[in-house]
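Structural overview for review
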There are 2 protein chains.
Amino acid sequence: MTEHLRETSQRRVILEELGKLTSHPTANEIYELVRKRLPRISLGTVYRNLELLSQSGLIQKLEMAGTQKRFDGTIGNHYHIRCIGCGRVDDLRLPAMKSIDEAAADLSDYEILWHKMEFGGFCPDCITPRSKRGEIEILDIKKNIIGRKD
Amino acid sequence: MTEHLRETSQRRVILEELGKLTSHPTANEIYELVRKRLPRISLGTVYRNLELLSQSGLIQKLEMAGTQKRFDGTIGNHYHIRCIGCGRVDDLRLPAMKSIDEAAADLSDYEILWHKMEFGGFCPDCITPRSKRGEIEILDIKKNIIGRKD
DNA sequence: CGTTAATCAGTAATAGTTACCATTATGGAT
DNA sequence: ATCCATAATGGTAACTATTACTGATTAACG
Ligand SMILES: [Mn+2]
Ligand SMILES: [Mn+2]
Ligand SMILES: [Zn+2]
Ligand SMILES: [Zn+2]
């Protein structure tokens, strides 16, 4: 068992770099950032520290469905939304609803402790290209209908 | 693009075995079951078919947080709960609430399409051992208090 | 039947993450 | 300030779940 978390330069820089961001970087993205300040740090050290820091409650580890882990400098329970287009993850300003757990507990013989919720959709940057693509497709269809000889 | 999903013996048996279960097996668990009837089937075939079958809406692929994929013969949107003790996944008889998406959309500039929710807790089998362990710990503490000479 | 694309078994490759281990550095006790 | 036990590190190997590839097989169509 770990007596105490020592303050190493690696650990401090990881924490600082994560603190600067409002995004939710992957371990590798954090590695690339930290490497600019500590070029000799190893990816394993980044993983180990992100794990230890999240265990001690200084950061949050996000295990999202189907993709790699992401990390969050903002603690406190909040929900996230992932863009289907570009993959970015943002906070959702919706308070984590503890009442959902109680509602679920009534329907189950489990002892329910928590829930995770994740939203999916298109971020502002990805909404426009998608509708443009839709318009082009519609035009193609119209052209096709107009042009055909049946 | 796939013209048509052919009915192969492998595909049929995978679908049958998954249909028998109310649990939510992993690809490997399905592989082990199917192997009893088709000993020469390969794990790759199981993965490929589970993917194709879920794409065509005949089964459901569950991408849960932090663990491997699971598959569900029951279609239709419903929530799941995972036991922290033994890892099993059960259905939760709570209707998937589409209104949550709308509530979230008001708080975000994303175009929200869906949400996933996953509950965590202890299943009936794992509640008892846990409370027993708790009782023993309490007894130890009491014994310790009674026994000490300070 | 014969044709053809879908599917197969077997296997290699990949991605993300964790485990290991010899060496280094931290922080509390001298 | 120096010492020391051990936490932590860099480098690398191992691992797990999943996907990709490839040449052989097979279902579905007329
Ligand atoms: Mn966040
Ligand atoms: Mn289910
Ligand atoms: Zn986007
Ligand atoms: Zn259990």
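To start, this report covers the structure provided alongside it. This is a predicted model, so every value here is computed, not measured.

1. Some points on the overall build of chain A
From N to C terminus, chain A includes five helices and five strands. The helix and strand sequence of chain A, counted from the amino end, reads α-α-α-β-β-β-β-α-β-α. In chain A, buried positions account for 35% of the 150 residues. Restricting the contact set of chain A to residue pairs at least 6 apart, pairs at least 24 apart contribute 44%. Here chain A displays about 9500 Å² of accessible surface, and carbon together with sulfur accounts for 53% of that area.

2. Examining the coordination of the manganese ion (ligand 2)
Residue and element names in this part refer to chain B. Distances from the manganese ion (ligand 2) to its protein donors, namely H24 (NE2), D72 (OD), H78 (NE2), H80 (NE2) and D91 (OD), fall within the range 2.0 to 2.3 Å. Each donor residue of the manganese ion (ligand 2) lies on the same chain, and together they follow the pattern H-x47-D-x5-H-x1-H-x10-D. Highlighted residues: H78 in strand 3 (residues 78-83) and D91 in strand 4 (residues 89-95), separated in sequence by 13 residues. Look at D91 and you get partly exposed, because its relative accessible area is 25%.

3. Focus on the protein's contact with DNA strand C
The full set close to DNA strand C counts 21 residues, and Y47 and K69 of chain A together with R11, T45 and R48 of chain B are the nearest of them. Near the protein, meaning within 4 Å, the atoms of DNA strand C are sugar or phosphate in a fraction of 74%, with bases accounting for the rest. Side-chain polar atom of R6 of chain A to a base oxygen of DNA strand C: 2.8 Å apart, as the coordinates give it. One of the side-chain nitrogen or oxygen atoms of Y47 of chain A is found 2.6 Å away from a phosphate oxygen of DNA strand C. Elements with a contribution of two residues or more to the surface near DNA strand C: helix 3 (43-55) of chain A together with helix 1 (9-20) and helix 3 (43-55) of chain B. The greatest single-element share of the surface near DNA strand C, amounting to three residues, is contributed by helix 3 of chain B. Among the residues forming the surface near DNA strand C, the class breakdown is five nonpolar, eight polar and eight charged.

4. Regarding the protein's contact with DNA strand D
DNA strand D sits among 18 residues. The nearest are R40, T45 and R48 of chain A together with Y47 and K69 of chain B. With respect to DNA strand D, the side chain of T45 of chain A contributes an N or O atom lying 2.4 Å from a phosphate oxygen. Note that a phosphate oxygen of DNA strand D is positioned 3.2 Å from one of the side-chain N or O atoms of N49 of chain A. Contributions of two or more residues to the surface near DNA strand D are made by helix 1 (9-20) and helix 3 of chain A. With three residues, the single largest contributor to the surface near DNA strand D is helix 3 of chain A. Within the surface near DNA strand D, the residues separate by chemical class into three nonpolar, eight polar and seven charged.

5. So, the interface of chain A and chain B
On the side of chain B, 36 residues touch chain A, which itself brings 36 residues to the contact. Summed over both partners, the interface of chain A with chain B comes to about 3200 Å²; 65% of that surface belongs to carbon and sulfur atoms. At the boundary of chain A with chain B, the tally comes to zero salt bridges. Here chain A is connected to chain B by ten residue pairs in polar contact (both at pLDDT 80 or more). At the level of secondary structure, the elements contributing two or more residues to the side of chain A that touches chain B comprise strand 3 (78-83), strand 4 (89-95), helix 4 (99-106), strand 5 (111-122) and helix 5 (124-147) of chain A. Per-class residue counts for the side of chain A that touches chain B are 20 nonpolar, five polar and eleven charged. Sheet analysis places strand 5 of chain A next to strand 5 (residues 111-122) of chain B, joined by eleven bridges and oriented antiparallel. Residue pairing in the sheet places G121 of chain A in a bridge with I112 of chain B of strand 5 of chain B.

6. Considerations on the pattern of salt bridges
Counted by the stated rule, this structure contains 22 salt bridges over all chains. For the salt bridge of R12 of chain A with E7 of chain A, the shortest nitrogen-to-oxygen distance reads 2.9 Å. Take R12 of chain A: its relative accessible area is 35%, and that puts it in the partly exposed class. For D90 of chain B, the salt bridge is made with R88 of chain B, and the minimal N-O distance between the two is 2.9 Å. Judged by relative accessible area, which is 18%, D90 of chain B ranks as buried. The partly exposed category is assigned to R88 of chain B, whose relative accessible area is 35%. Overlapping salt bridges bring together E16, E17, K20 and R37 of chain A as one network.

Calculation notes
Residues numbered from 1 in each chain as written. Chains lettered and ligands numbered in written order. Predicted model: local features only at pLDDT ≥ 70, side-chain atom pairs only at ≥ 80, totals over all residues. Heavy atoms only, no water. Helix = DSSP H or I, 4+ residues; strand = E, 2+ residues; numbered from the N terminus. Buried < 20%, exposed > 50% of the residue type's maximum accessible area, 1.4 Å probe, protein only. Contact = heavy atoms within 4.5 Å. Areas by Shrake-Rupley, 256 points an atom, 1.4 Å probe, with all protein chains shown as cover. Donors = N, O, S within 2.8 Å, 3.2 Å for Na, K, Ca; no water. Near = heavy atom within 4 Å. Polar contact = N/O pair within 3.5 Å; in protein donor to acceptor, adjacent residues only side chain to side chain. Nonpolar A, V, L, I, M, F, W, Y, C, P; charged D, E, K, R; others polar. Buried area = accessible area lost by both parts, 1.4 Å probe. Salt bridge = Lys/Arg side-chain N within 4 Å of Asp/Glu carboxyl O. Pairing = 2+ DSSP bridges.

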